[in-house]
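These are the residues of each chain, in order.
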Protein chains: 2
Amino acid sequence: MADLVAYPMNGGDGLYSYSRNSNFQRKAIDAGKELIKEAVSEKLDIKSFSSSNTFRVTDLGCSVGPNTFHAVQNIVDAVEQKYQSQGHNSQLPEFQVFFSDHTSNDFNALFQSLPPDRRYYVAGVPGSFHSRLFPKAFLHFAYSSYALQCLSKVPEEVVDMNSPAWNKGRIHYSKSADQVVKAYTAQYAKDMECFLNARAQEIVCGGLMAFVVPGRPNGIPHTEVFVNTVIELLGSCLMDMAKKGIISEEKVDCFNIPQYTASLEEVEVIVKANGYFSVEIMENLRQEKPPPKVFAVGVRSGMEGMIRKHFGDEIMDELFDSFGKKLEESSSVLESKKSVSLFVLLKRRATE
Amino acid sequence: MADLVAYPMNGGDGLYSYSRNSNFQRKAIDAGKELIKEAVSEKLDIKSFSSSNTFRVTDLGCSVGPNTFHAVQNIVDAVEQKYQSQGHNSQLPEFQVFFSDHTSNDFNALFQSLPPDRRYYVAGVPGSFHSRLFPKAFLHFAYSSYALQCLSKVPEEVVDMNSPAWNKGRIHYSKSADQVVKAYTAQYAKDMECFLNARAQEIVCGGLMAFVVPGRPNGIPHTEVFVNTVIELLGSCLMDMAKKGIISEEKVDCFNIPQYTASLEEVEVIVKANGYFSVEIMENLRQEKPPPKVFAVGVRSGMEGMIRKHFGDEIMDELFDSFGKKLEESSSVLESKKSVSLFVLLKRRATE
């Protein structure tokens, strides 16, 4: 199961490609745009970077374009504006942008669709953001959008039939027994710790890190969260297929989506315990719910790779057909669910 | 024609892939191995880099593995040895390696075959090395193997039927009229100038650049050079097909291989005129001639992309069959031709 998470978004530009079906995520980026500008304007101390005449940005979990290009351009624009507003017009830095994602990401597609009029040097960085990707004190701004909800692996106990946390008949934790929820929560905390430790090494003191993820409003149960309900529906489609004998029930039992929907409270606790970063901005961004059919294709573009790997190619169309229908039937239930994105801005502390 | 050069080596790991057919180039890398060690040991002044604790290497025109991995590992090993030999064991730098090639290079294949036990951070950089790829003063060691013989484009006049440099009936310059040779020579000088200017910006003062290319011993005519004769034979196969009516003669007339075989003398003149680098080592490396059949597949893995783009897929098998046969028939002629690789080590001068 562990390697499921290395199946990234659908590459290329086909019907179910991420590049054509990432408008939902795009809206979160747009919502974060002003906050990034604000962060750079108010929180970035450009004097502390003056020894380097290059400003290095990374998008962690960039997938393919165009979302990642919009996001990094927004950061580059904001930093340039900051330099100009402080009268450093003649000392504008050069920009170097590192697009990073799993090794199996479609970097060929990413590189071939780079904006031709970009004002930055480009590099692609393959690997998991749960470990080190860059040398020490290398980055000035790390960004990540709709990626940090992905766990490094499915918590082992939820697919262990001898464990009290065995997640029988489900592919996600939100409607499951407490032990399952705890296993997911613990895995998320562990992964975030690894993520923060790696970035703490890589980001210069005073450097910024912003991330946007699908989130859970503080105090709201996991079952009341839109994305969780959607994944539960996908799981129920798989169980329907198991009951019809199309796939085996055991195969569903050992399949879990390695994704966790955190709240700002949870993120804050983890960041403070880690200690390397100060929390500068934390906000719940309103996240519009897309129409069921659009969302069905969006989920397909994001999760098809890992589902295909586990269940095989042949069930995909039937699965996503019934998933689309179920989303439509459940539209009134889904309407009542909470949908926010978390926006978090951290600053690398000056001391270890 | 200009975009032909953006058709890189065959990706993937199929029968005609570069990764399976690059042993010829590998031998040149091996021959340069000791020279790189010598260069790092004698010419690299690690004290001048002490402000950065990261040592940055790039392979320009890396294609896919494994050659590029052998080459960069050799550099990393040599730098580590140098640090250790100078008693800086505890201050070993972190290494960051930038694999660079045309945007259309198969970076997915490259990333998926990265050595798992590597001791360096990785990035892929898409783009042409005839222009800037990195920020200012970023690199400590730039390396390039069997790539700098590629021109940025076919010289325009050789495909212009109104020019005295029109290269009718040929796909390369070596047996052509003086005007054709001059056009190629001028394009090479211009491209090398662009290459050196870009690298002069990117490489730190005191940083090194090594490159290996198929070469021409000083004073030997272009017609006496092994690789040139091989390309001429490939051209004659295309003309045979034109005579048989399989392809049009006009199509051959406007197809030229954008590749030039320079001598050390020529390289030296260009480097000195450029002025940003000092020449530290220049050597002709003995280059073994591979058996005709092996070489035919090697040429296919390197040139198939651009030939297919111009003539279409359907002629490829017939072309390379007849090319293989012609290489065998010409083996005594080829035996008499000169085959060397140039090894050049340059150092970025301290002053502008």
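Above this text sits the structure in question.
So, a few notes on the structure that sits alongside this text. (Residues numbered from 1 in each chain as written. Chains lettered and ligands numbered in written order. Predicted model: local features only at pLDDT ≥ 70, side-chain atom pairs only at ≥ 80, totals over all residues. Heavy atoms only, no water.)

## Some points on the relation of the copies chain A and chain B
- Once chain A is rotated about the relating axis by 180° and shifted along it by 0.0 Å, it coincides with chain B to within an RMSD of 0.0 Å. On the angle and the small slide along the axis, the relation comes out as a two-fold axis. Distance from the rotation axis, computed per C-alpha, reaches its smallest value in chain A at Gly124(A): 2.4 Å.
- Taken as a fraction of all interface residues of chain A, those also at the interface in chain B reach 100%, which identifies the copy contact as same-surface. (Least-squares fit on C-alpha atoms with pLDDT ≥ 70 in both. Contact = heavy atoms within 4.5 Å.)

## Topic: the pairing of strand β5 (residues 203-215) of chain A
Residues and elements named next belong to chain A.
- Among the 13 residues of β5, twelve are classified as buried, and the element is accordingly described as predominantly covered.
- Looking at chain direction, strand β4 (residues 139-145) and β5 are connected through six bridges and run parallel. Counted as the bridge partner of Phe-141 is Leu-208 from β5.
- Once you follow β4 into helix α4 (residues 178-202) and on to β5, the crossover reads as right-handed.
- Here β5 runs beside strand β7 (residues 340-348); their pairing, made up of eight bridges, is antiparallel. (Buried < 20%, exposed > 50% of the residue type's maximum accessible area, 1.4 Å probe, protein only. Helix = DSSP H or I, 4+ residues; strand = E, 2+ residues; numbered from the N terminus. Pairing = 2+ DSSP bridges. Right-handed = clockwise from strand over helix to strand, strands pointing away.)

## Description of the interface of chain A and chain B
- The partner chain B presents 26 residues to the 26 residues of chain A that form the contact.
- Where chain A abuts chain B, roughly 2100 Å² becomes buried across the two surfaces, and 55% of that area is made up of carbon and sulfur atoms.
- The largest contributions to the chain A side of the interface with chain B come from Asn108(A), Phe111(A) and Tyr121(A), which together make up 25% of the buried area.
- The interface formed by chain A and chain B holds two salt bridges in total.
- Between Glu94(A) and Arg132(B) there is a salt bridge; the shortest N-O distance is 3.2 Å.
- At the boundary of chain A with chain B, the tally comes to twelve residue pairs in polar contact (both at pLDDT 80 or more). (Buried area = accessible area lost by both parts, 1.4 Å probe. Salt bridge = Lys/Arg side-chain N within 4 Å of Asp/Glu carboxyl O. Polar contact = N/O pair within 3.5 Å; in protein donor to acceptor, adjacent residues only side chain to side chain.)

## Points about the nonpolar core
- In terms of nonpolar packing, the biggest core is built from 82 residues, with Phe99(A), Phe141(A), Phe99(B) and Phe141(B) touching the most fellow members.
- Setting aside residues up to four positions removed in sequence, Phe141(B) forms contacts with Ile36(B), Val40(B), Phe55(B), Arg56(B), Val57(B), Thr58(B), Ile75(B), Leu208(B), Ala210(B) and Leu345(B). (Core = buried A, V, L, I, M, F, W, Y, C linked by side-chain atoms within 4.5 Å.)

## Things to note about the pattern of salt bridges
- The tally for this structure, following the rule as stated, stands at 36 salt bridges over all chains.
- A salt bridge links Arg308(A) to Asp313(A); the nearest nitrogen and oxygen atoms lie 2.8 Å apart.
- The shortest N-O distance in the salt bridge between Lys168(B) and Asp253(B) comes to 3.1 Å. With Lys168(B) in the loop between β4 (139-145) and α4 (178-202) and Asp253(B) in helix α6 (residues 249-253), the pair connects residues that are 85 residues apart, well separated along the chain.
- Several salt bridges share partner residues, and in doing so they unite Arg300(A), Glu304(A), Arg308(A), Asp313(A) and Asp317(A) into one network.

## Some words on the packing of helix α5 (residues 226-243) of chain B against helix α8 (residues 292-311) of chain B
All names here are of chain B.
- Running from N to C, α5 and α8 point in directions that differ by 50°, and their axes come no closer than 12 Å. It follows that α5 is oblique to α8 by the angle criterion. Read as a crossing pair, α5 and α8 show a hand that is right-handed. Each of Phe-226, Val-230, Ile-231, Leu-234 and Leu-238 in α5 lies in contact with α8, whose residues at this interface are Phe-295, Val-299, Met-303, Ile-307 and Phe-311.
- Across the contact of α5 with α8, the residue classes break down as ten nonpolar, no polar and no charged. (Axes fitted to C-alpha atoms, helices over the stretch in contact; angles between N-to-C directions. Parallel < 35°, antiparallel > 145°, perpendicular 65-115°, else oblique. Left-handed = near helix turned anticlockwise from the far one by under 90°. Nonpolar A, V, L, I, M, F, W, Y, C, P; charged D, E, K, R; others polar.)

## Focus: the packing of aromatic side chains
- Under the criterion given, the structure shown has 31 aromatic pairs over all chains.
- Centre to centre, the rings of Tyr173(A) and Tyr260(A) are 5.2 Å apart; their planes meet at 25°, and the pair counts as stacked. With Tyr173(A) in the loop between β4 and α4 and Tyr260(A) in the loop between α6 (249-253) and α7 (264-274), the pair connects residues that are 87 residues apart, well separated along the chain.
- A relative accessible area of 0% places Tyr173(A) in the buried class.
- Owing to a relative accessible area of 1%, Tyr260(A) belongs among the buried residues under this scheme.
- Put simply, the rings of Phe98(A), Phe134(A), Phe138(A), Phe98(B), Phe134(B) and Phe138(B) touch in pairs and so form one group of aromatic residues.
- Here Arg56(A) stacks its cationic end above the ring of Phe138(A), 4.4 Å away from the centre of that ring. (Phe/Tyr/Trp six-rings, centres within 6.5 Å; stacked < 30°, edge-to-face > 60°. Lys NZ or Arg CZ within 6 Å of the ring centre and 35° of its normal.)

## Side note on the state of the cysteines
Residue and element names in this part refer to chain A.
- The full count for this structure, using the stated rule, is zero disulfides over all chains.
- Free of any disulfide, Cys-62 has its nearest cysteine sulfur in Cys-150, 13 Å distant.
- The exposure class of Cys-62 is buried, given its relative accessible area of 4%. (Disulfide = S-S within 2.5 Å.)

## Concerning helix α7 (residues 264-274) of chain B
Residue and element names in this part refer to chain B.
- The set of residues buried in α7 consists of Leu-264, Glu-266, Val-267, Ile-270, Val-271 and Asn-274. The arc enclosing the buried residues of α7, seen along the axis, measures out at 160°, which places them on a common side. Residues Val-269, Lys-272 and Ala-273 are exposed on α7 and point more than 90 degrees away from its buried face.
- Residues of α7 that are buried in the fold lie against α4, β5 (203-215), β6 (277-286) and β7 (340-348).
- Positive backbone phi, at 90°, marks Gly-275, one or two positions downstream of α7. (Arc of directions from axis to C-beta.)

## With respect to unusual backbone geometry
Residue and element names in this part refer to chain A.
- Residues Gly-65 and Pro-66 are joined by a peptide bond in cis, for which omega reads 0°.
- Positionally, Pro-66 belongs in the loop between β1 (54-60) and α2 (67-85).
- For Ala-137, which is not a glycine, the phi torsion comes out positive at approximately 50°.
- Tracing the backbone shows Ala-137 in the loop between β3 (121-126) and β4.

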